[in-house]
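Reading the structure
One-letter residues, chain by chain:
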Amino acid sequence: MSIPRMERLEAQSGLHEYRVWSPYLPRFGRQIKWVVNAKALASQARLALEDFIQRFGKPDLIHAQAVYPGGAAAVALGKAYGIAVGLTEHLGPFPPPTLCLPSGQVMPLVVDAYGGASLCSAVSQSLAHRVRELGLANEVTVLPNFLPDQFGLLADQRSPAGSGFSFLSVGGPSHAKGTDVLLKALAKVSSGVTLRVVGDGPEMAFFQHLADDLGLSERVRWLGAIPRDQMPEHYQTCDAFVLPSQGETFGVAFIEALAFGKPLIATRCGGPEEIVNARNGLLVPMNSVDDLVVAMQDMVAHAGRYKPEILRADFLARFSASGALARIEAWYHAVVRTGELKVAS
C-alpha cells in the first residue's frame, strides 16, 4: 500500500489543511539525523506550499510551531520562496538534549533556524527568557496557547450530589508530572478527598503500586488515556485541578480546567506561573510534598471562594481564541514587516 505524499483537506470554514508524509530516519549520528529529517520535512512540505501558491498565490508568512522539525523546515522554505517566517517555541525543556552538542551547546541547526526566522515568539515568559538567554533571539514575544471560546461553555459546573471533594490531574503519570509527589501529598490529606488521574505511560504500574503502598487504592482512580471528546465530563465532575509538574513550558490542561470554572493547583515550574494566580488557584514549590499538602487542604476547605463564572471569565479574557487573536494578528503583521526589511537589506 503506497503512502500519499500529500493530502489536502478543506474545512467548512474555508481553512485548507495540508498533510504531508515525511520519513522518519533511524539514528545514524548525533547531528546529521536531525539535519536530514528537517530537510526531508521541508522537501515534502514544499509540495503543499507549491499547491497553495498555485491556488491562492504566495502566502504572506509561514508560521512554524517549535524550532524542530517545523521551524528548521519553515526557514528553509521561507528562504527559497522569499516568505517571512514566524517561529513560536513550545519545546520543553528547552533546548532538549537531543538538539544539543556533547558540549551542551545548541546544535547549529537550531541556531540557523532562529537566525533565519523573521520574528520569534514563545508560549510563556519563562520559555521566552530561555530563548533570549541562549542568544537565539533578541526579541521574543509571548503568545500563550489558547482554546476555542466554546470550550467548557455548556458545562454543568456542579459536582455529583453527595460526592466528596475530588481532584483531577491530567497528564501521563510520571515523575516529570510529579505523580509521586501528588500521591504522597494525597495520603496526608483528609481521607474523604479523592483523586482521578487521566493519562497513561510506562511508569503507570509503578505509581499504582505506590498508591497501594500509601493506602490510597480506594481513593485514586486511574482513568488511563481518555478520548478528547470524553474529557468534558471529567472536568465537569471534579472540584479542583492539580498537576505538580517538575517542568511545563505552558500547561494546556490548566486552561482546560479553567474553562470549566475549576480552581487550580500547580508548581512554580515555568509556564504555570503565567496561568495560575491568587484569583484562580494556588502555586507551590516543585517537589515539596508538605507544601502541596497545605495547598490541597486549603483548596478543600476554601474551594467556595473560587467562583466558576469568574474562573471561566479569566479563561475567556486570557486563553480563548477571541482573547488571543488580536495579539496573534499584531504579531503576524510584525513578522511580515520584519521579513520585508530583511529582504530589503
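Up top is the structure.
Structure report, in brief.

Reading guide: rules and limits
Throughout, residues of each chain are indexed from 1 in the direction in which the sequence is written. Predicted model: local features are reported for residues with pLDDT of at least 70 only, side-chain atom pairs are reported and counted for 80 or more only, and whole-chain, interface and lining totals are derived from all residues. The side-chain values count all of the structure's non-hydrogen atoms but skip hydrogen atoms and water molecules. For helices the rule is a DSSP run of H or I covering at least 4 residues; for strands it is a run of E covering at least 2, with both sets numbered from the N terminus onward. Contacts are assigned to residue pairs that have any heavy atoms within 4.5 Å of one another. A 1.4 Å probe and the Shrake-Rupley method give the accessible areas. Residues count as covered only by the protein chains that appear here. Two rings from Phe, Tyr or Trp (for Trp, the six-membered ring) form a pair when their centres sit within 6.5 Å of each other. Planes less than 30 degrees apart are called stacked, planes more than 60 degrees apart edge-to-face, and all others tilted. Note on exposure labels: buried denotes an accessible area under 20% of the residue type's maximum, exposed denotes more than 50%, and partly exposed covers the range between, all computed with a 1.4 Å probe on protein chains only. The directions from the helix axis to the C-beta atoms form the arc being described. Only when DSSP finds a minimum of two bridges between them are two strands counted as paired. Angles here are taken between N-to-C directions and fall from 0 to 180 degrees, while the axes themselves are lines fitted to C-alpha atoms, restricted in helices to the stretch in contact. An angle counts as roughly parallel when it lies under 35 degrees, as roughly antiparallel when it exceeds 145, as roughly perpendicular when it falls between 65 and 115, and as oblique in every other case. Crossing chirality is assigned from the near helix's rotation relative to the far helix, an anticlockwise turn below a right angle marking it left-handed and a clockwise turn marking it right-handed. What is meant by a nonpolar core is a set of buried Ala, Val, Leu, Ile, Met, Phe, Trp, Tyr and Cys residues, joined one to another through side-chain atoms within 4.5 Å.

Considerations on the overall build of the protein chain
- The secondary structure content of the protein chain amounts to 11 helices and 12 strands.
- Seen through its principal axes, the protein chain has C-alpha atoms that stretch 65 × 45 × 45 Å.
- Residue pairs in contact within the protein chain that sit at least 24 positions apart in sequence constitute 67% of those at least 6 positions apart.
- When the accessible surface of the protein chain is totalled, it reaches about 17,100 Å², and 56% of it is carbon and sulfur.

Brief notes about the packing of aromatic side chains
- Applying the stated criterion across every chain, the model contains 11 aromatic pairs.
- Ring geometry for Trp34 versus Tyr68: centroids 5.3 Å apart, planes at 80°, classification edge-to-face. Note that Trp34 is positioned in helix H1 (residues 32-56) and Tyr68 in helix H2 (residues 67-81), a separation of 34 residues in sequence. The same class applies to Trp34 as to Tyr68, namely buried.

Side note on helix H4 (residues 125-133)
- Here H4 has its buried residues at Leu127, Ala128 and Val131. For H4, the arc enclosing every buried residue in end-on projection is 100°, short of the 170-degree limit, so these residues lie on one face.
- Elements in contact with the buried residues of H4: strand S4 (84-89), helix H3 (108-116), strand S5 (119-122) and strand S6 (140-142).
- Following H4 by one or two positions, Gly135 has its phi on the positive side, about 75°.

Digging into the pairing of strand S2 (residues 16-20)
- Direction of pairing for strand S1 (residues 6-10) relative to S2: antiparallel, over a ladder of 5 bridges. Each bridged residue has a counterpart across the sheet, and for Glu10 the counterpart in S2 is His16.
- With antiparallel pairing between neighbouring strands as the criterion, S1 and S2 make up a hairpin whose turn holds 5 residues, including Gly14 at a positive phi of roughly 100°.

Things to note about the sheet that holds S4
- Strand order in the open sheet formed by 4 strands is S3-S4-S5-S6, and the pairing between neighbours is parallel. One side of each edge strand has no neighbouring strand; the edge strands of this open sheet are strand S3 (61-65) and S6. Each strand of the sheet is rotated relative to its neighbour by a mean of 25°, with strand direction disregarded.
- For S5 and S6, the ladder comprises 3 bridges, and the chain directions are parallel. What sits directly across from Ser121, in S6, is Thr141.

Quick notes on the packing of helix H5 (residues 179-186) against helix H9 (residues 289-302)
- Packing of H5 against H9 leaves a shortest axis separation of 9 Å and a crossing angle of 60°. Here H9 runs oblique to H5, going by the angle between their axes. Crossing hand, H5 versus H9: right-handed. Across from Val181, Leu182, Lys184, Ala185 and Leu186 in H5, the residues of H9 making contact are Val289, Leu292, Val293 and Met296.

Topic: unusual backbone geometry
- Look at the link from Gly92 to Pro93: it is a cis peptide, with omega at -5°.
- Note that Pro93 resides in the loop between S4 and H3.
- Between Phe94 and the following residue, Pro95, the backbone shows a cis peptide bond with an omega angle of -10°.
- With respect to the helices and strands, Pro95 occurs in the loop between S4 and H3.
- Although it is not a glycine, Ala66 adopts a positive phi angle of roughly 80°.
- Tracing the backbone shows Ala66 in the loop between S3 and H2.

Considering the nonpolar core
- Among the nonpolar cores identified, the biggest contains 93 residues, and Tyr114, Phe167 and Phe241 are the most heavily contacted of them.
- With 8 residues, the top contributor of residues to this core is H2.
- Residue contacts for Phe241: discarding those within four places in its chain leaves Leu168, Ser169, Val170, Tyr235, Ala253, Phe254, Ala257, Pro263, Leu264 and Ile265.
- Counting residues in hydrophobic clusters, the runner-up holds 9 residues, among them Leu61, Ala324, Ile328 and Trp331.

What to know about helix H6 (residues 204-213)
- All of the buried residues along H6 are Met204, Phe207, Leu210 and Ala211. Taken down its axis, H6 places every buried residue within 125° of arc, on the same side. With respect to the buried face of H6, the exposed residues turned more than 90 degrees away are His209 and Asp213.
- Directly after H6, the chain includes Gly215, whose backbone phi takes a positive value near 75°.

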